[in-house]
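# Examination of the molecular architecture
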Amino acid sequence: MGFARTCSVALVGVDGVVVEVQADLEPGVAAFTLVGLPDKSLTESKDRVRAAVVNSGGEWPQKKLTVGLSPASVPKGGSGFDLAIACAALGASERIDPRVLADIVMIGELGLDGRVRPVRGVLPAVLAAAEAGYEQVVVPESAAAEASLVPGVSVLGVRSLRQLIAVLTDEPVPDEDPDEQGRTDPLAGLRMPGTGAATGMHSMGATHHDHEHDLADVVGQLSARTAVEVAAAGGHHLFLEGPPGAGKTMLAERLPAILPRLGRSESLEVTAVHSVAGLLPPGKPLVDVAPYCAPHHSATMQALVGGGQGVARPGAVSLAHRGILFLDETPEFSSRALDALRQPLESGHVVIARSAGVVRFPARFLMVLAANPCPCGRFSQRDSLCECSPSTIRRYQARLSGPLLDRVDLRVEVDRVTRAQLTERGARGETTETVADRVREARARAAARLTDTPWRTNSEVPGRELRSRWYASPGAMDEAERSLERGVLTARGLDRVLRVAWTVADLAGRDRPGVADVTLALQLRTGVPRGVPMAIGASR
């Protein structure tokens, strides 16, 4: 009787569980049994592994082979266990020394010819292995750069099972031809259906946006530009309402360019989510620029918050983690999908329960909503171009529920651009680079103030902490508190006004919010003009 064991990783959401892959050989009729709660794709690994071993020059044991995946109570799926199963079987047949395999974590899919193919979720799998104390990891060669992002782990990238057998047995390592140049990126086959660039559910982190999307291209819209700057500086949610063609989408597309680059820990969080979804940009294993997701308004609730058959997959809110979720034509989204955003907006994560288990995905994003004022888009208090009836306008605007809008910090009306504004020469606004520098300075002030706390931006600080640890100037909150008494603001709304006021003060370089800062925050929160200037940059 032969026995060998090695390790692999099962992913539950973006969290990994180290799984011990045990192989046992006993005399009897040749058979291959796989136990340990595998799903259909993992059950099929029996045929892939057998063919890969034979085509790699190995001898498949003609005995009763039992492969167990422990702990057996954790659901396991995918093809990433192939490499570990093959090596455990070869260890049980003494082709490989079982003692060499015991402390190695192996992740990878096997082709029938023995090639090692990439799988989703390599980064979170290696993170889980490192947290469990493992120091050696074997991954496909194409995923070695992604796995190497985890410190303290020795990563071996292999092209084929033959190469791995040679390394583990101290034999000469055979040469394997690399993938032919010009082929589609090997990770392209790992993409989830419906998450390509055409749907907007993708990462823009592979490129920098400054040259393609400059704020100076936006004509007019001083209030909206100020709201975009405040949103970027404090991580505040934003609602842009205005007629078609006014520039709502242009403003949203230029928002990622003024956000600071992600820190090391943030980059690993974002990369882990995109790795699980199979959306890592080719040749760039680490996403260090804020992602941007803009799903179509026909997206389902599962597409937004995550879900799907079997083990849940990350949705748009998770793909936008530490970045921007832009919902254009927001009233056209289903009410169930929009209301499902309430929980991640408050908690910064989403918990999805399915029959295969409960998964938790990170979902701390900056949400930007864009909507027309009515179905025809021409409703305005200034003119009578709209042909919609009052009841139609009310029904259209009621598609955005009060609880959802109460979680939005900034609400701005984007005005129609005039002919004079479009034809005026030399009247360009501030560039993306100028605004981005101001945003970085504001974030640095907030970070210094929030040192030794779990929060990074003003939007994350709980209201009770703002009221008890960081005070506004005396009398600055009087008008906001009166708005609370009149029912204009809710208690949550009052806290959000204070958070926005801190961000305005950070942008202006002040130590604490004053009356002008709180008044501007109230104006941005309620959309009601209060006679304060909107140009933060000009006030410095």
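Provided above is the structure to which this section pertains.
The text that follows walks through the structure, step by step, so that each part is easy to find. (Residues numbered from 1 in each chain as written. Predicted model: local features only at pLDDT ≥ 70, side-chain atom pairs only at ≥ 80, totals over all residues. Heavy atoms only, no water.)

## Structural notes on the overall build of the protein chain
To keep it simple, the criterion reads: Each helix is a run of DSSP H or I of at least 4 residues and each strand a run of E of at least 2, with the numbering of both proceeding from the N terminus. Contacts are assigned to residue pairs with any non-hydrogen atoms lying within 4.5 Å of each other. Each accessible area is a Shrake-Rupley estimate made with a 1.4 Å probe; only the visible protein chains count as cover when residues are assessed. Only four residue types enter the charge count, namely Lys and Arg as positive and Asp and Glu as negative; His and the chain termini do not. To locate a charge, take NZ of a lysine, CZ of an arginine, CG of an aspartate or CD of a glutamate.
For the protein chain, the helix and strand inventory stands at 22 helices and 17 strands. Expressed as lengths along the three principal axes of its C-alpha atoms, the size of the protein chain is roughly 85 × 50 × 45 Å. In the protein chain, the share of contacts with a sequence separation of at least 24, taken over all contacts with a separation of at least 6, comes to 72%. Accessible surface, the protein chain: about 23,700 Å² in total, of which carbon and sulfur atoms supply 50%. Positive and negative side-chain charges in the protein chain, numbering 60 and 63 respectively, have mean positions lying 6 Å apart.

## Details of the nonpolar core
A general trend in soluble globular proteins is that nonpolar side chains are found buried together. Rules: Only buried residues count toward a nonpolar core. Its members are Ala, Val, Leu, Ile, Met, Phe, Trp, Tyr and Cys residues joined through side-chain atoms within 4.5 Å. Residue burial is assigned from relative accessible area. The probe radius is 1.4 Å, only protein chains are included, and a residue is buried under 20% of its type maximum, exposed over 50%, and partly exposed in between.
Ranked by internal contacts, the top residues of the largest apolar core, which has 56 residues, are Val230, Leu238, Leu240, Leu255, Ile258, Val368 and Leu524. Examining the composition of this core, we find that 8 residues originate from one element, helix 21 (residues 491–508), more than from any other. Membership of the second largest hydrophobic core comes to 39 residues, among which are Val67, Leu90, Ala92 and Leu101.

## A few points about the pattern of salt bridges
Applied cut-off: Salt bridge, as used here, is a side-chain nitrogen of Lys or Arg placed within 4 Å of a carboxyl oxygen of Asp or Glu.
Counted by the stated rule, this structure contains 32 salt bridges. Glu20 is the partner of Arg5 in a salt bridge, and the nearest nitrogen-oxygen pair spans 3.2 Å. With Arg5 in strand 1 (residues 2–12) and Glu20 in strand 2 (residues 15–26), this residue pair connects regions lying 15 residues apart in the sequence. Overall, the relative accessible area of 32% leaves Arg5 in the partly exposed class. Residue classification places Glu20 among the partly exposed positions, given a relative accessible area of 23%. The residue Glu460 makes a salt bridge to Arg322 at a minimum N-O spacing of 3.5 Å. One end of the pair, Glu460, is in the loop between helix 18 (432–449) and helix 19 (463–468); the other, Arg322, is in the loop between helix 12 (316–319) and strand 13 (324–327), with 138 residues separating them in the sequence. The burial state of Glu460 is the same as that of Arg322; both residues are buried. Each of Glu346, Asp406, Arg407, Asp409, Arg492, Arg496 and Arg525 takes part in salt bridges that share partners, so that together they form one network.

## Description of unusual backbone geometry
A cis amide bond links Ser70 with the next residue in sequence, Pro71, at an omega value of 10°. Take Pro71: it is sitting in the loop between strand 4 (64–70) and helix 3 (82–92). One non-glycine residue, Glu94, lies in the positive phi region at around 65°. Among the structural elements, Glu94 can be located in the loop between helix 3 and helix 4 (98–101).

## Topic: the side chain of His349
Keep this limit in mind: In protein, a polar contact means a hydrogen-donor-capable atom and an acceptor-capable atom, both N or O and within 3.5 Å, with residues adjacent in sequence counting only if both atoms are side-chain atoms; elsewhere, any N or O pair within 3.5 Å suffices.
Positionally, His349 belongs in strand 14 (residues 349–354). A residue is classified by how much of its surface remains accessible, and His349, at 18% relative accessible area, is buried. Engagement of the side chain of His349 in a polar contact is seen with the side chain of Arg360, the distance being 3.0 Å. Each residue touching His349, except ones within four places of it in the same chain, is listed here: Gln343, Pro344, Arg360, Phe361, Pro362 and Ala363.

## Concerning the side chain of Thr503
With respect to the element layout, Thr503 can be found in helix 21. Apart from residues lying up to four places away in sequence, Thr503 is in contact with Val230, Ala233, Gly234, His236 and Asn458.

## Describing the packing of helix 2 (residues 45–55) against helix 3
Just so we agree on the cut-off: Between the N-to-C directions of two axes lies an angle of 0 to 180 degrees, each axis being a line fitted to C-alpha atoms and, for a helix, fitted only over the stretch in contact. Working rule for angles: under 35 degrees goes down as roughly parallel, over 145 as roughly antiparallel, 65 to 115 as roughly perpendicular, anything else as oblique. Crossing chirality is assigned from the near helix's rotation relative to the far helix, an anticlockwise turn below a right angle marking it left-handed and a clockwise turn marking it right-handed.
Look at helix 2 against helix 3: their axes get within 10 Å of each other, and the N-to-C directions meet at 60°. On the basis of the axis angle, helix 2 is oblique to helix 3. Here the hand of the crossing between helix 2 and helix 3 comes out right-handed. The segment helix 2 lies against helix 3, with Ser45, Arg48, Val49 and Val53 engaging Asp82, Ile85, Ala86 and Leu90.

## What about the pairing of strand 8 (residues 136–140)?
Let me state the cut-off plainly: Whether two strands pair comes down to DSSP finding at least two bridges between them.
Counting buried positions over the 5 residues of strand 8 gives 4, a clear majority of the element. Bridge count between strand 5 (residues 104–106) and strand 8: 3 bridges; the pairing is parallel. What sits directly across from Met106, in strand 8, is Val138. One ladder, built from 5 bridges, connects strand 8 with strand 9 (residues 154–158); its direction is parallel. Bridge pairing in strand 9 links Pro140 to Val158.

## What about the packing of aromatic side chains?
Aromatic ring pairs: the centre-centre distance and the angle between the two ring planes describe each pair. Put simply, the rule reads: Only the six-membered ring of Trp is used, alongside the rings of Phe and Tyr, when aromatic pairs are assigned; centres must lie within 6.5 Å, and planes under 30 degrees apart are stacked while those over 60 apart are edge-to-face, with the rest tilted.
Going through the model one piece at a time under the given rule, you end up with 2 aromatic pairs. Ring centres of Phe32 and Trp60 lie 5.5 Å apart, and the angle between their planes is 40°; this geometry places the pair in the tilted category. In this pair, Phe32 is assigned in strand 3 (residues 31–35) and Trp60 in the loop between helix 2 and strand 4, connecting sequence segments 28 residues apart. With a relative accessible area of 9%, Phe32 lands in the buried category.

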